[in-house]
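Tertiary structure, described
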Amino acid sequence: MNFEEYARTAVDLVNAQVETLDQLRAFYGAESWQALEATEKDVTVLRRGAKRLRDVFEHGSAGRDNDAVEALNVLLEAHPVQPRISGHEVGDWHIHVTGRGSSMGMEHMAGAVWGLAVWLCEFGSARFGVCADERCGNVYLDTSSNCCRRFCSERCATRSHVAAHRARKRAVIEEPAADLAPDLATTSPV
Ligand SMILES: [Zn+2]
Ligand SMILES: [Zn+2]
């Protein structure tokens with residue numbers, strides 16, 4: 001597992017919005033070791049952890065580079081990792097980061113925080129963020145070639161562009177009454 005895959009576990013956790021033990025088990029899959037080991041305490045760890053990770057993504061979207069670094073350093077301190085060389089096949093050695101034998105919730109957080117921290121060092125905090133569609137709220141990693149990603153998915157990008165296009169069209173039609181310019185936020189969902 002490389003750091004990008006770990007960073008993706010941060011994205012997946014935030015977007016899953018785990019609030020209950022049932023949701024937690026559904027998120028990992030009923031047969032996974034996480035589902036079998038999870039307790040209410042893990043729900044709390046992951047819910048709080050997701051909230052703090054979301055803050056980091058929000059700093060990314062807002063261009064608050066130092067705040068993103070600071071928030072990640074606090075999280076790194078709270079979730080120390082134990083690196084370990086692993087191989088699922090002979091010769092296929094790679095580093096796994098683990099949470100020093102702690103609960104599954106702490107384990108997930110340790111990997112997620114480490115992955116996002118390395119991601120920031122490799123690509124910068126502008127390379128992750130919160131979806132620009134306010135009705136969505138999902139977070140994302142920006143792997144685009146031109147560093148311009150603002151939406152979590154094609155679906156949100158399209159929906160938002162359609163809404164903006166309609167708002168512009170309406171603005172043109174209603175131009176004589178300039179003080180009644182439509183507010184984008186009140187555009188009905190597509
Ligand atoms: Zn592995
Ligand atoms: Zn979205």
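Reading the values: the criteria
Residues numbered from 1 in each chain as written. Chains lettered and ligands numbered in written order. Predicted model: local features only at pLDDT ≥ 70, side-chain atom pairs only at ≥ 80, totals over all residues. Heavy atoms only, no water. Donors = N, O, S within 2.8 Å, 3.2 Å for Na, K, Ca; no water. Buried < 20%, exposed > 50% of the residue type's maximum accessible area, 1.4 Å probe, protein only. Axes fitted to C-alpha atoms, helices over the stretch in contact; angles between N-to-C directions. Helix = DSSP H or I, 4+ residues; strand = E, 2+ residues; numbered from the N terminus. Left-handed = near helix turned anticlockwise from the far one by under 90°. Contact = heavy atoms within 4.5 Å. Nonpolar A, V, L, I, M, F, W, Y, C, P; charged D, E, K, R; others polar. Expected span 1.5 Å × (residues − 1). Arc of directions from axis to C-beta. Core = buried A, V, L, I, M, F, W, Y, C linked by side-chain atoms within 4.5 Å. Tetrahedral: all angles 85-135°; square planar, octahedral: opposite > 155°, others 65-115°. Salt bridge = Lys/Arg side-chain N within 4 Å of Asp/Glu carboxyl O. Domains from an automatic or database assignment.

The next point concerns the coordination of the zinc ion (ligand 1). At the metal site, the zinc ion (ligand 1) is ligated by His88 (NE2), His94 (NE2) and His96 (NE2), and these contacts range over 1.9 to 2.0 Å. Sequence spacing of the donors to the zinc ion (ligand 1): H-x5-H-x1-H. Across the pair, His96 and His94 agree in class, each one buried.

Here we come to the packing of helix H1 (residues 3-16) against helix H6 (residues 104-123). Running from amino to carboxyl end, H1 crosses H6 at an angle of 115°, the nearest separation of the two axes being 7 Å. For H1 against H6, the interelement crossing comes out left-handed. Side by side, H1 and H6 meet where Phe3, Glu4, Tyr6, Ala7, Thr9, Ala10 and Leu13 of the first sit next to His108, Met109, Gly111, Ala112, Trp114, Gly115, Leu116, Val118, Trp119, Glu122 and Phe123 of the second. Along the lines of polarity and charge, the residues of the contact of H1 with H6 split into twelve nonpolar, four polar and two charged.

Counted at 1.5 Å a residue, the expected span for helix H5 (residues 65-78) with its 14 residues is 20 Å, and the 20 Å between its end C-alpha atoms agrees. Those residues of H5 not exposed but buried are Ala68, Leu72 and Leu75. Within H5, the buried residues cover an arc of 60° as seen down the axis, which keeps them to one side. Of the residues in H5, the exposed ones pointing more than 90 degrees away from the buried face are Asn66, Glu70 and Glu77. Where H5 is buried, its residues contact helix H4 (40-62), H6 and strand S3 (128-130).

Among the nonpolar cores identified, the biggest contains 31 residues, and Leu24, Leu53, Phe57, Met109, Leu116, Phe128 and Leu141 are the most heavily contacted of them. If sequence neighbours within four positions are ignored, Leu53 has contacts with Ala10, Leu13, Val14, Leu75, Met109, Ala112, Val113 and Leu116.

Of the protein atoms, only Cys131 (SG), Cys136 (SG), Cys152 (SG) and Cys156 (SG) coordinate the zinc ion (ligand 2), at distances of 2.3 to 2.4 Å. Note that the zinc ion (ligand 2) binds four donor atoms; their angles at the metal cover 100 to 120°, and the shape is tetrahedral. Between consecutive donor residues of the zinc ion (ligand 2), the sequence gaps follow C-x4-C-x15-C-x3-C. With a gap of 16 residues between them, Cys136 in the loop between S3 and strand S4 (139-141) and Cys152 in the loop between S4 and helix H7 (154-173) connect regions that are remote in the sequence.

One pass over the full model with this rule turns up five salt bridges. The partner of Glu4 in a salt bridge is Arg8, with the nearest N and O atoms 2.9 Å apart. A residue pair is termed a helical-turn pair when its members lie 3 or 4 positions apart in one helix, as Glu4 and Arg8 do in helix H1 at four residues. Asp133 is the salt-bridge partner of Arg159, the closest N and O atoms lying 3.0 Å from each other.

With that out of the way, let us pick up the domain arrangement of the protein. Parsing the protein into structural domains produces domain 1 (3-141) and domain 2 (154-186). Relative placement of domain 1 and domain 2: their C-alpha centres are 36 Å apart.

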